[in-house]
Structure formats: C-alpha cells, structure tokens
Amino acid sequence: MNLTSSSNGRFGLALLAGLMIAAHGGSHAASLNYLGQQTLATGTQFAGTQVGGLSGIDYNARTGGYFAISDDRSQFNPARFYGLNLDLAQFQRSNTPGSAGVAFNQVTTLLTAGGSSFGALTVDPESIRLLPGASGPTLLWTNEGQRSGAGFQSPTLRQAALDGGHLRDFSVPAAYMPTGSSSGAAAGDSGIRNNLAFESLTVSKDGKTAWVATENALAQDGPAAAVGVASPSRVAQFNVASGLREREYVYLTDAVTDAPNPAGSFATNGLVELLAIDDSHFLAVERSFSTGVGNNIRIYLSSTSGASDVSGLASLTGQNYQAMSKSLLLDLGTVKNDDGSALLLDNIEGITFGPVVNGKQTLVLVADNNFAASQQTQFIAFSVDGALAPVPEPTSWALMLSGLLALGAAARKQRK
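Because the structure is predicted, anything quoted here is derived from the model rather than measured.

Right, let's talk about unusual backbone geometry for a bit. Residue P262 is bonded to the preceding N261 through a cis peptide linkage, with omega at 10°. Within the fold, P262 resides in the loop between β17 (244-252) and β18 (267-276). At N370, a position not held by glycine, the phi torsion is positive, near 55°.

Before going further, it helps to examine the pairing of strand β15 (residues 209-214). Burial of β15 is extensive: six of the six residues sit out of reach of the surface. Here β15 shows two buried faces, one formed by T209, W211 and A213 and the other by A210, V212 and T214. Bridge count for strand β14 (residues 198-203) against β15 is five bridges, and the pairing is antiparallel. Following the sheet pairing, L201 is matched in β15 by V212. What sits between β14 and β15 in their antiparallel hairpin is a turn of five residues, with G207 showing a positive phi close to 75°. Pairing between β15 and strand β16 (residues 232-239): five bridges, direction antiparallel. Bridge pairing in β16 links W211 to Q237.

Spatial strand order, β8-β9-β12-β13: four strands in an open sheet with antiparallel pairing. Of all the strands in the sheet, the pair left with one neighbour each is β8 (125-131) and β13 (166-169). Across the sheet, the mean angle from the axis of one strand to that of its neighbour is 25°, orientation sign disregarded. Taken together, the three bridges between strand β12 (residues 156-160) and β13 define a ladder with antiparallel strand orientation. Across the sheet, the residue bridging to Q159 is R168, located in β13.

As a further point, take the sheet that holds strand β7 (residues 102-109). Two modes of strand pairing occur in sheets, parallel and antiparallel, and in both the strands are linked by backbone hydrogen bonds. An order of β4-β5-β6-β7 is seen for the four strands of this open sheet, with the pairing classed as antiparallel. Across the chains shown, the open sheet's two edge strands, defined by having one partner strand only, are β4 (54-60) and β7. Direction aside, neighbouring strands of the sheet carry axes that sit 25° apart on average. For strand β5 (residues 65-70) and strand β6 (residues 80-86), the ladder comprises four bridges, and the chain directions are antiparallel.

A word on the nonpolar core. Of all hydrophobic cores here, the largest spans 28 residues; its most connected members are L283, I299, L332, L363, I380, F382 and L388. If you list the elements that add at least two residues to this core, you get β1 (31-41), β18, β19 (281-290), β20 (294-303), β21 (325-331), β22 (348-357), β23 (360-367) and β24 (376-385). If sequence neighbours within four positions are ignored, I380 has contacts with Y34, G36, Q37, F91, L332, L343, L345, I348, L363, V364 and L365. Core analysis: the second largest hydrophobic core is formed by 18 residues, Y59, A68, V102 and V364 among them.

Once that is clear, we can look at the pattern of salt bridges. Using the criterion set out here, one finds 14 salt bridges in the structure. Across the pair E215 and R287 runs a salt bridge, and its minimum N-O distance is 2.6 Å. With E215 in the loop between β15 and β16 and R287 in strand β19, this pair connects stretches of sequence that are 72 residues apart. For the pair E215 and R287, a shared accessibility class is recorded, and that class is buried. A single salt-bridge network, built from bridges that share partners, covers D221, R234, R245 and E248.

Conventions and cut-offs
- Residues numbered from 1 in each chain as written.
- Predicted model: local features only at pLDDT ≥ 70, side-chain atom pairs only at ≥ 80, totals over all residues.
- Heavy atoms only, no water.
- Helix = DSSP H or I, 4+ residues; strand = E, 2+ residues; numbered from the N terminus.
- Buried < 20%, exposed > 50% of the residue type's maximum accessible area, 1.4 Å probe, protein only.
- Pairing = 2+ DSSP bridges.
- Axes fitted to C-alpha atoms, helices over the stretch in contact; angles between N-to-C directions.
- Core = buried A, V, L, I, M, F, W, Y, C linked by side-chain atoms within 4.5 Å.
- Contact = heavy atoms within 4.5 Å.
- Salt bridge = Lys/Arg side-chain N within 4 Å of Asp/Glu carboxyl O.

Below, the structure written as structure tokens:
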C-alpha cells in the first residue's frame, strides 16, 4: 500500500514518524561520580623513554590494561604508545594523590609504511583505539597533521598492529588537506588548521565503524573558537572494512570559557575526544584553555540523531545544516576533593570506558602534560550512575504501538 496516496495516508505517515521520535527521544538520568586521580611528574622515565604527551587512552577489557598514545612528534623519543595498568582502588580524591596504582609495562614504537620509526616532526599522534577483529585486535590511531610555516602535513587515520607495524591508511577526504596560506586565515584557504585537527577518534563496539573529529573548524568552514566564538568541528564516520568515509556531521564547540590574562594572549577551546556509547550517541570532551586562567574541561552527551550529513558540502559557510545535539553531563570545574578543594585540572585530552567496579561502569581521563615542567600527567576516574544513552519512556512505546495499530486499521479500510 502507498501511504502517500491519500490524505489519510499522509496523516498516518506523519503520525507514525512523530510517535517514533517520541519513543526514541526518551531521557537519560546519568551522572558521574568522582572516584579519584593519580598523577605523574613530567620527566618520568620508562624503558628509556620520557612518559608524557598522553593525549589518547583506551581500555582493553580482555586484559584489563590500557593503551595510551604519546603526542611526542619524535622529538624526545620516537613516536610511540604505551601499555599500562591502572588500579582505580588506589586513586585518591586529593590534589596530591601520588602515583600509586599507575604501572607502565610496555612501550611500542609506531612505524611508517616502510617499517621505520618516524623522523622528528614528521608525525603528530593524538588518539588511539583498540579495534576488535576476527583474527585478533589491532589499533587505530590518528596523526593530527600540520599547517605552519615549517610545512604542511595531511591528517591521517591509520591502522597498526599491536607491535606498532603499519597496516594501512584510511581514505581521508581532500577537504581536510591543508592548502593555501600557512595561517589558514587567508581567502581561499582550506583544510585543517594547525594544531586543531584530528584530535578525536572512537570506534563502535562491533569494530565496524570509526569516527574521527577535528578539534575546530576547517579553514573553509568557519572560525576557530575564541572568546564569544564557537567553532563547527567536522565528525567523519568511516567504514572500517572499506576505509572510506560514509557520512559527516558537525559538532559545534563552545566558545572559549574565560578571557585570557593578559588580554589578547593565547586562548583556545576545542573538541579533544569522542567516546562512542552506541552507534549514534557519544561522550564529547571539550577542553578550554586561557593564558593566566588555566583549563576548563566539560564532558557532553552528544548524538548524531537528527543531525545533517554534510559530507557533500565542500564548505559549511553559509549552509543550512543541523549540528549534532549536545547536553552537559559534567563540568569538571565543579568536582571537589575530600578536603573540599576544587580538583586541579591539567590538559585533559583522552577518555575511555574502564572496568566495571562494584556493578558500575567507570570512565578514565588522561591529561597531556605537553612535556612541560609546570604540568603533569594526570589520570582521573569516575563511575557512571544511570544510563548515558536515552532510555525510551514506557508510555512512549505504548503510544507508538497504539499508533501502529491505528495505521494498520487505516490501511485495511483503504484497501476495502
């Protein structure tokens, strides 16, 4: 039956759509409970390398361990990732927690397609995810790319073996490749902005889909984030089997949280990591930094449901589209230690689900210390209370069932 062949049919189709939206709209009642943190001082050594720049982390449920990638551009040591264990029971709700329970057990060099380590300043690793597979797990990792007076480098999404060996590159669309001026602010410039590119990476539970996001807008898409200015980041959805981008969405970052001091000095805000909850819902981490103020970290619930697929748009400027939805889950500036002091935040850039502890899912965050003596590597743990993804209301399901029965009756009447 063609439901659009009559006014009753058109009404029924609209009714069904509305009921399905109501049934899937639901609500979530999630909150994050601060479990504690542990820190490492800059300069910490492991296996002949300096531990630092940890900008991505992922949990291996099979082993109970973690992978963490360093954004060292092969300047301190060759580009690499670490294996480590975290004992969350030893984390402290204190700003002087120590490092008990943080144990590194492996460091692995990332290799080029030719099998060699990356030369200095030829790569910028940012995020890492474990990729399940029928023949065993592998890794996905992002290289942010570069747009500066020192040269241009295209951003990449790569697959690697657990020993760091290169397996393949995914097909990143040309719109991300930096062209034009080194500033990215001149007329006709396109592609990534420097240090605002492939920061985020997440993978679906079945390993069939990967999402990569820029920290801020591409040069042709809009402004970088600033005080009073939000930025439209692109979120690219890739088919893991083919290595091709399938869809693309827009995540609108917040403006920079605080004006820098002194005025006019460096300030930024961006989407620094995504974590898939299911195939359409994500945790999104935004990190705002202002000179003289410090870091502000917020975790949002975000969804592609109802968002526009902008993969066909060479530029977002002047276009009409629906961005991904977002709602604040936690502003880490509100988190308190046991003594009532505010949790001091470093440069948080990584997030992963951890183990289930006492029946509750955990989340672990990691901070990139920028290899700076004034910063530290910071691990923060939370437990999740409630459901992160929307839970359909029972009454909504009842309404949808009633609507389907009504449509069935209308269809039978129309056939008569």
